[in-house]
Amino acid sequence: MKPIASIRLFCPATVANVACGFDVLGLCLTSVGDEMLIRKVQQKGVKITKITGQKLPLEVTKNVAGVAALALLEAIDTDYGFEIEIYKNIKPGSGIGSSAASAAGAVFGINALLGYPFNKQELTVFAMQGEKLASGTAHADNVAPALFGGFTLVRNNDSIDVISLPSPIALWIVILHPQITIKTAEARAILPKEITLQTATKQWANVGAFVSALYKEDYNLLSKSLVDYVATPFRSKNIPYYNELETIALSNNALGFGISGSGPSMFAMAKGKADALKIQAALSKKYSETTITFNCFISKINPEGIKIL
Ligand code: ADP
């Protein structure tokens, strides 16, 4: 169908569960992301007309992009419809927000083609419906950094508040992705239902300190607070050589090391590109000595999130 208008987007990969920020802190990457092309057409409804790079369903209700788009269109009266093309570079299930890139991209693009009727907080809620399809829970910890860029904190009680945090300019991220499968639902099931008051106290002290460190660009405090007592001790058991990799990263000047999302990808944070490259080489060397296939890349923090190309 002949489009009335179209938009091409870069939809970045993201890291959720940033160490102490289990379920609340996320960050956006620059170097890896999907592309999407969204067309505004006369015929109402949503169609996914093309997907390249990964085998994913074209059916609107089975693809997170379609579900997120439908959630947005339910909230507004429009005489138009939308066709979506998805060019996947982020492997689903890798733990760096593959589904979030599509869900957030769909609502960002449609909103732009409609003349921006919704703000990013509202788009987050629509995109979360897509995430619900992927993982069973409508969580915002990947879609928020994809939409807002930088570091985000999701405060989630009766309503969702996405809080944008500063991104110190010198920060680099190293991503190590072992090609093994960890199902998000299983990674959830492995967690204890309750934690002790002592653990909770340590965790929220770290989250507070981490947020303060971002504002003050205090890399020493940032490093000390990048520790997770809630999820990592349990989830790391399913990631081959996790403890050794953490030691390797920290002994190569990493500010912190953790699981990206619910894994299997891991992230290290570094001050400056030279340290990021050093950590990338050291982590890659460790996995090269095993039978595990993996990829490892470095990225700056992406301050703007989804971008119109
Ligand atoms: P990641 O671990 O990289 O964040 P997720 O576990 O969030 O990835 O999402 C992957 C799941 O979502 C897979 O089951 C995949 O089939 C499903 N899915 C549906 N639509 C998409 C899409 N457009 N992009 C990525 N994954 C999708």
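Placed above this text is the structure.
Residues numbered from 1 in each chain as written. Predicted model: local features only at pLDDT ≥ 70, side-chain atom pairs only at ≥ 80, totals over all residues. Heavy atoms only, no water.

Visitor: Help me understand the site of the ligand, please; the structure alone is not making it clear to me.
Guide: Surveying the vicinity of the ligand reveals 17 residues, the closest of which are Asn63, Lys88, Gly95, Ser99 and Ser102. At 3.0 Å from a nitrogen atom of the ligand is found a side-chain nitrogen or oxygen belonging to Lys88. Gly95 places a main-chain nitrogen or oxygen 3.0 Å from an oxygen atom of the ligand. For the ligand, whose unbound accessible area comes to 570 Å², protein coverage reaches 81%. The residue makeup of the shell around the ligand, split by class, is five nonpolar, nine polar and three charged. (Near = heavy atom within 4 Å. Polar contact = N/O pair within 3.5 Å; in protein donor to acceptor, adjacent residues only side chain to side chain. Areas by Shrake-Rupley, 256 points an atom, 1.4 Å probe, with all protein chains shown as cover. Nonpolar A, V, L, I, M, F, W, Y, C, P; charged D, E, K, R; others polar.)

Visitor: How should I be thinking about unusual backbone geometry in this particular structure?
Guide: In most cases, non-glycine residues show a negative phi, while peptide bonds are predominantly trans. Residue Pro264 is reached from Gly263 by a cis peptide bond, and omega for that bond is 5°. Within the secondary structure layout, Pro264 lies in the loop between β8 (256–259) and β9 (266–271). Located in the positive-phi region is Ala19, a residue other than glycine, with phi close to 45°. Looking at the element boundaries, Ala19 is found in the loop between β1 (5–16) and β2 (25–41). With a phi close to 70°, Asp23 is a non-glycine residue in the positive phi region. (Helix = DSSP H or I, 4+ residues; strand = E, 2+ residues; numbered from the N terminus.)

Visitor: What is the right way to look at the nonpolar core in this model?
Guide: Nonpolar side chains in soluble globular proteins generally cluster together in the buried interior. Membership of the largest hydrophobic core comes to 74 residues, with the highest contact counts inside it found for Phe210 and Met269. Considering each element in turn, this core owes the most residues, 10 residues, to helix α2 (residues 98–113). Ignoring sequence-local partners within four residues, the contact set of Met269 consists of Val18, Leu27, Phe151, Leu171, Trp172, Ile173, Phe210, Leu222, Leu226, Ala254, Leu255 and Gly256. The next biggest cluster of nonpolar side chains, apart from the first, holds 22 residues, and it includes Ile182, Ile239, Cys296 and Ile298. (Core = buried A, V, L, I, M, F, W, Y, C linked by side-chain atoms within 4.5 Å. Buried < 20%, exposed > 50% of the residue type's maximum accessible area, 1.4 Å probe, protein only. Contact = heavy atoms within 4.5 Å.)

Visitor: What should I look at first to understand the environment of Asp218 in this one?
Guide: Note on placement: Asp218 falls in the loop between α6 (197–216) and α7 (219–225). A relative accessible area of 25% means that Asp218 is categorised as partly exposed. In the structure, Asp218 is positioned 36 residues away from Ile182 in sequence and 34 Å away in space, judged by C-alpha atoms.

Visitor: Just to check I follow, could you spell out the pairing of β8 for this structure?
Guide: Where burial is concerned, the two faces of β8 agree: the one with Gly256 and Gly258 and the one with Phe257 and Ile259 are both buried. Strand direction decides the pairing type here: β8 and β9, joined by four bridges, are antiparallel. Within β9, the residue paired with Phe257 across the bridge is Ala268. Between β8 and β9, which pair antiparallel in sequence order, lie six residues; one of them, Gly261, sits at a positive phi of approximately 60°. (Pairing = 2+ DSSP bridges.)

Visitor: Sorry, what's going on with the sheet that holds strand β7 (residues 171–178) here?
Guide: In a beta sheet, neighbouring strands are held together by backbone hydrogen bonds and run either parallel or antiparallel to one another. One open sheet accounts for four strands, arranged β8-β9-β7-β10; its pairing is antiparallel. Each end of this open sheet is capped by a strand with a single partner; those strands are β8 and β10 (294–300). For this sheet the average axis-to-axis angle between neighbouring strands, irrespective of direction, equals 20°. Pairing of β7 with β10 involves seven bridges; the strand directions are antiparallel. (Axes fitted to C-alpha atoms, helices over the stretch in contact; angles between N-to-C directions.)

Visitor: Before we go on, may I ask you to explain α6 in this structure?
Guide: Because each turn of an α-helix spans 3.6 residues, side chains separated by three or four positions end up pointing in the same direction. An ideal rise of 1.5 Å per residue puts 28 Å on 20 residues; α6 measures up with 28 Å between its terminal C-alpha atoms. Considered for burial, the residues of α6 that qualify are Thr199, Ala200, Gln203, Asn206, Val207, Ala209, Phe210, Val211, Ala213 and Leu214. Residues of α6 that are buried sit in contact with β2, β5 (151–156), β6 (160–165), β7, α7 and β9. Directly beyond the C-terminal end of α6, a positive phi value near 50° is found at Glu217. (Expected span 1.5 Å × (residues − 1).)

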